[in-house]
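An overview of the molecular structure
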Amino acid sequence: MATKAIFFFVSALCLSSLAGKAMADADDFDSFKIQGSVYCDTCRVQFVTRLSKFLEGAKVKLECRSRTNGTVALTKEAVTDKTGSYTMEVTGDHEEEVCELVLLQSPDSACSDVSQDAYLRNAAKVSLTANDGIVSHETRIVNPLGFMVKTPSAECPAAFKELGIVPDVTF
């Protein structure tokens, strides 16, 4: 009987210390790694297709703005590697800000268009707070961002047919 009581006590102690550690980690966490990629949208549809090419040397910018007055609280830039991927480290909790990554500069002049339509704004929002319910506090993976070619590739209709879609693009 005493053995069961000791086992129960030790188990409860371990469980409470783990819960305390988890709460401390969530409260104290203020470092994030952001990972993303940049591609050339050869079909001008603003999503990755089999014809898309990932861009080395593309520049992106992280910008966090106040939710109340829109003032910029944080900016940071990154450049893509040979696989078209980028990584950036950010410190601080940005719960009260809207943070998003936007395209800055393409390494390919033939693939450098960015949509100017507000509803097509090519930006990737990212949550930079430990108070958002995301289990992995360390890494935030954002949606790919794409520069567009001026004229869609002649191969695009076949690629769309394979996908079973008919985009709103003139070829």
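What you see is a predicted model, and the numbers here were worked out from it, not measured in a lab. (Residues numbered from 1 in each chain as written. Predicted model: local features only at pLDDT ≥ 70, side-chain atom pairs only at ≥ 80, totals over all residues. Heavy atoms only, no water.)

1. Observations concerning the pairing of strand E4 (residues 72-79)
Note: strand E3 (residues 59-66) against E4, 7 bridges, orientation antiparallel. In the sheet register, Lys61 faces E4, and the bridge partner there is Glu77. What sits between the antiparallel neighbours E3 and E4 is a turn of 5 residues, in which Gly70 has the positive phi angle 80°. (Pairing = 2+ DSSP bridges. Helix = DSSP H or I, 4+ residues; strand = E, 2+ residues; numbered from the N terminus.)

2. Side note on unusual backbone geometry
The phi dihedral of Arg44 is positive, around 55°, even though this residue is not glycine. Secondary-structure assignment places Arg44 in the loop between strand E1 (31-41) and strand E2 (53-54).

3. Digging into the environment of Thr129
Positionally, Thr129 belongs in the loop between strand E8 (123-126) and strand E9 (139-141). Looking at Thr129, the relative accessible area reads 5%, which means it is buried. Sequence-wise, Thr129 and Asp93 are 36 residues apart; in three dimensions their C-alpha atoms are separated by 4.9 Å. Leave out the neighbours within four places in its chain, and Thr129 touches Phe32, Asp93, Glu95 and Arg140. (Buried < 20%, exposed > 50% of the residue type's maximum accessible area, 1.4 Å probe, protein only. Contact = heavy atoms within 4.5 Å.)

4. With respect to the state of the cysteines
Going through the model one piece at a time under the given rule, you end up with 3 disulfides. Paired through a disulfide, Cys40 and Cys111 show a sulfur-sulfur distance of 2.2 Å. Taking the torsion about the S-S bond as the criterion, the Cys40 to Cys111 disulfide, at about 120°, is right-handed. With a gap of 71 residues between them, Cys40 in strand E1 and Cys111 in strand E7 (residues 111-113) connect regions that are remote in the sequence. In this structure, Cys40 and Cys111 share a single accessibility class: buried. What pairs with Cys43 in a disulfide is Cys156, and their sulfur atoms sit 2.0 Å apart. Disulfide Cys43 to Cys156: torsion about the S-S bond roughly -95°, handedness left-handed. (Disulfide = S-S within 2.5 Å.)

5. Remarks on the confidence of the model for the chain
When pLDDT is averaged along the chain, the result is 81; 74% of the residues meet or exceed 70. Mean pLDDT across the elements of the chain bottoms out in helix H1 (residues 2-28) (48) and peaks in E2 (98). Throughout residues 5-10 the model reports pLDDT below 50, and contacts reaching past four residues in sequence, or to other chains, amount to 0 contacts. The model gives residues 17-27 a pLDDT under 50, and that stretch makes 2 contacts with residues more than four places away or in other chains. (pLDDT = per-residue confidence, 0-100.)

6. Things to note about the nonpolar core
In this structure, Ile34, Val60, Leu62, Tyr86, Leu101 and Leu128 are the most contacted members of the largest nonpolar core, which totals 25 residues. Elements with a contribution of two residues or more to this core: E1, E3, E4, strand E5 (85-91), strand E6 (97-105), E8 and strand E10 (145-149). At 4 residues, E1 tops the list of elements feeding residues into this core. Leave out the neighbours within four places in its chain, and Val60 touches Val38, Lys76, Glu77, Ala78, Tyr86, Met88, Leu101, Val102, Leu103, Leu104 and Leu145. (Core = buried A, V, L, I, M, F, W, Y, C linked by side-chain atoms within 4.5 Å.)

7. Topic: the side chain of Ser37
Note that Ser37 resides in strand E1. Excluding its chain neighbours within four sequence positions, the residues that come into contact with Ser37 are Phe54, Gly84, Ser85, Tyr86, Pro144 and Leu145.

8. Quick look at the pairing of E3
Here E3 pairs with E6 via 8 bridges, running antiparallel. Note on E6: the bridge partner recorded for Ser66 is Glu97.

9. Examining the sheet that holds E6
Strand pairing within a sheet occurs via backbone hydrogen bonds; the two strands may be parallel or antiparallel. The sheet built from 4 strands is open, its strands ordered E4-E3-E6-E8 with antiparallel pairing. Edge positions in the sheet fall to E4 and E8, since each has one partner strand and no second. Neighbour-to-neighbour, the strand axes of this sheet turn through a mean angle of 25°, independent of strand direction. (Axes fitted to C-alpha atoms, helices over the stretch in contact; angles between N-to-C directions.)

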